[in-house]
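Here is what each chain is made of, one letter per residue.
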2 protein chains.
Amino acid sequence: MTAYVDRLLLGPGPSNPYPEAVQALGRPVIGHLDPEYLALVAEISDRLRAVFDTANELTLPVSGTGSAGMEACLASLLQPGEKAVVGVNGYFGERLCEVAARGGAEVVRVAAPWGRALDPADLLAAQRTNPDARLLAVVAAETSTGVRNDIAPLAALAETDTLLLVDAVTALGGTELRVDDWKIDACYSASQKCLGAPPGLAPVTLSARAVEVMRSRTVPVRSFYLDLGLLWEYYLAPAPRYHHTASSTMASSLHAGLGVLLAEGKERTWARHAGIGGLLQQELTDRGWGLIADANNRLPQLTATRLPEGLEEAPLRRALLERFGIEVGAGLGEFAGRAWRIGMMGHAARERSVRTLLAAVDELLG
Amino acid sequence: MTAYVDRLLLGPGPSNPYPEAVQALGRPVIGHLDPEYLALVAEISDRLRAVFDTANELTLPVSGTGSAGMEACLASLLQPGEKAVVGVNGYFGERLCEVAARGGAEVVRVAAPWGRALDPADLLAAQRTNPDARLLAVVAAETSTGVRNDIAPLAALAETDTLLLVDAVTALGGTELRVDDWKIDACYSASQKCLGAPPGLAPVTLSARAVEVMRSRTVPVRSFYLDLGLLWEYYLAPAPRYHHTASSTMASSLHAGLGVLLAEGKERTWARHAGIGGLLQQELTDRGWGLIADANNRLPQLTATRLPEGLEEAPLRRALLERFGIEVGAGLGEFAGRAWRIGMMGHAARERSVRTLLAAVDELLG
């Protein structure tokens, strides 16, 4: 039997779920076609609409992690040979390229250095050069660097035939995100970051325009499991059509996490994340730890920090986990071996998390 | 807030999880790269090897439901344009065809009527006619009809270049299944049936020969999320490579469910299912309810039963759910509107489930 460990989860996700979300895991399992399960999903969809700030009908949890949400959107909207403009300034922008390319799309990359935000003007220019692009995809909150990419200016895509697809895995619930106002056509997230539930579900929302694109496909979505059209028929059609055995356990937990978030209020949750992330970043700076994201585009919920010269990150990170049960994440890409990624997300976005982490680090550094 | 309902789950799955599996859901969430999580998955893989009866190294839980397991195997093994021979005698045989075809495979169907078993000789003959077939796929336990398809004779495929792929979603843990002895190259199941955990994970195992086929692909797997090669690198490679944020919550629960199964003993669990399914089928027959599966190929864990003439299935099924909190499944395909599917699986495979169900039906039929 493996050890029973209790972690303070301050990495790039999962974060510690809200107690209400943990408690909901114990609700009795019910069938995936039980009217009570479908009513539960309908409530989850309503709550997700509130959190995504959208009226989109197609708003539902995909039975998989954030990566499944990404693939569901790309696979359902792109047909083989179609063009996707992708903003790349970190690991998850790269993943968007890989998933789109595997699906048979032609990928047009628009890059910025890791740690810097994408320039919306560059993205819009790339679309003007490629007006036949089916979609333009950007990560709102780059989990690999702590950079916030500016989405609002991309609303201009609504005037074109190119859909706007936004990765909100780390963004949703942590920082402002307005699907309808920003004219986002496809957006996905994950249950285990700022939504405060365990991993396992990927909330997805599609605009009416994106649904239209999906419905006018000439070749079926290559994936059966991640076909959002089939999920629509399961969850949202008048007579639900069996698709897969969705988990009432995970659904109950996400439902509860969203309930906590909405009870606190979206804007107040954003403000809490802003305050806690700002505090952490100030404390790190005061101690001589560098911040990777440029000052104008720094996320509060995820901080990538460069360790002071001479400090080895891996042994320190391991000691933090083993002695204190505190998880932080390793740096990725060019920052591997030199940086940490510290999440202050959902239930873990509290001043006590910042103080606990810093006290433990201070103790380890003696 | 939706109603808090507690069901006796006697449909085609999910079944009621073992109490130990429910309790394990409350274990603290840990990160997907935490050494303790990777140790947990290593133990799950060991337990799955015991249940699948295999020494296959690539044995792991996919983060999705049984349908994700199906797609992971088909997508990882088939390249576009390759041939798949598929046995079809029910809904899930049809699904195998659909998933393979969406993935770009050429499907060769070998059909038998719903309610009858596939003849292994027919399947082997189809392979001889199509010796270039990459794989031959069969459902071991057809959840739509309660029919057991005979897998052992298909071990002869080991002498050919065609892989044997077996859907064990309803079979695993409920009836005999021997991956190594029967020379099965790819096999998948689901956590929520005879393994006694909630839905959300799909155990998968690949033989060395199947891994070799996967590694010698010339085009990447179209799906990133369901690429078993990437999952191998995440879970089984010496240095784990991040792939997705797997859920320690679901893993802990599956781990516990498998623990209960193995503590009872595989053969004794099969015997329990055989006894309970036989009892149900005898009682149904005594009451004049028909059994859809032919007598020689009847599953104990899933019984498809034809209601006596004059009985409307839907109102009776609804009353069973609403008045007694007992779920049974509707008939599928040609049996829609005339049949039920009754599961006696995992923790629910007890005499008290049979007696409770029959007493409730008797009460409703007054």
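Conventions we followed
Residues numbered from 1 in each chain as written. Chains lettered and ligands numbered in written order. Predicted model: local features only at pLDDT ≥ 70, side-chain atom pairs only at ≥ 80, totals over all residues. Heavy atoms only, no water. Least-squares fit on C-alpha atoms with pLDDT ≥ 70 in both. Contact = heavy atoms within 4.5 Å. Salt bridge = Lys/Arg side-chain N within 4 Å of Asp/Glu carboxyl O. Polar contact = N/O pair within 3.5 Å; in protein donor to acceptor, adjacent residues only side chain to side chain. Helix = DSSP H or I, 4+ residues; strand = E, 2+ residues; numbered from the N terminus. Phe/Tyr/Trp six-rings, centres within 6.5 Å; stacked < 30°, edge-to-face > 60°. Buried < 20%, exposed > 50% of the residue type's maximum accessible area, 1.4 Å probe, protein only. Pairing = 2+ DSSP bridges. Axes fitted to C-alpha atoms, helices over the stretch in contact; angles between N-to-C directions.

> How should the relation of the copies chain A and chain B be read in this particular structure?
Here the two chain copies are tied together by a rotation about an axis and a shift along that axis. When chain A is fitted to chain B, the residual RMSD is 0.0 Å, and the transformation amounts to a turn of 180 degrees plus an axial shift of 0.0 Å. Such a combination of rotation and displacement between the chain copies is what one expects of a two-fold axis. No C-alpha of chain A approaches the rotation axis more nearly than that of Gly64(A), which lies at 2.8 Å. Mapped onto chain B, 100% of the interface residues of chain A again fall at the interface, so both copies present the same surface.

> Would you explain the interface of chain A and chain B in this entry?
Where interface size is quoted, it is often the accessible area lost as the parts come together. Across the contact, 60 residues belong to chain A and 60 residues belong to chain B. Here chain A and chain B share four salt bridges between them. The closest approach of N and O atoms between Arg7(A) and Asp34(B), which form a salt bridge, is 2.6 Å. Here chain A is connected to chain B by 20 residue pairs in polar contact (both at pLDDT 80 or more). Of all elements in the fold, only α2 (35-52), α3 (66-77), α4 (91-102) and α8 (248-264) of chain A reach the threshold of two or more residues within the side of chain A that touches chain B. Looking at the side of chain A that touches chain B, the element that brings in the most residues is α4(A), giving six residues.

> What's the story with the packing of aromatic side chains in this structure? I'm lost.
Scanning all chains against the criterion turns up 12 aromatic pairs over all chains. Judged by centre distance (4.2 Å) and plane angle (20 degrees), the ring pair of Tyr234(B) and Tyr235(B) falls under stacked. Both residues of the pair, Tyr234(B) and Tyr235(B), count as buried. Through a chain of ring-to-ring contacts, three or more aromatic side chains come together here, namely Tyr37(A), Tyr234(A) and Tyr235(A).

> Could you clarify how one ought to interpret the sheet that holds strand β15 (residues 339-343) of chain A in this entry?
Residue and element names in this part refer to chain A. The strand order β11-β12-β15-β14 describes an open sheet built from four strands, whose pairing is antiparallel. Because the sheet does not close on itself, it has two edges, and the strands there are β11 (290-291) and β14 (329-330). Here β11 pairs with strand β12 (residues 302-306) via two bridges, running antiparallel. Across the sheet, Leu291 pairs through a bridge with Thr305, a residue of β12. Sheet strands touched by helix α9 (residues 266-286): β11, β12 and β15. Its angle to β12, the strand with the most contacts, is close to 5 degrees.

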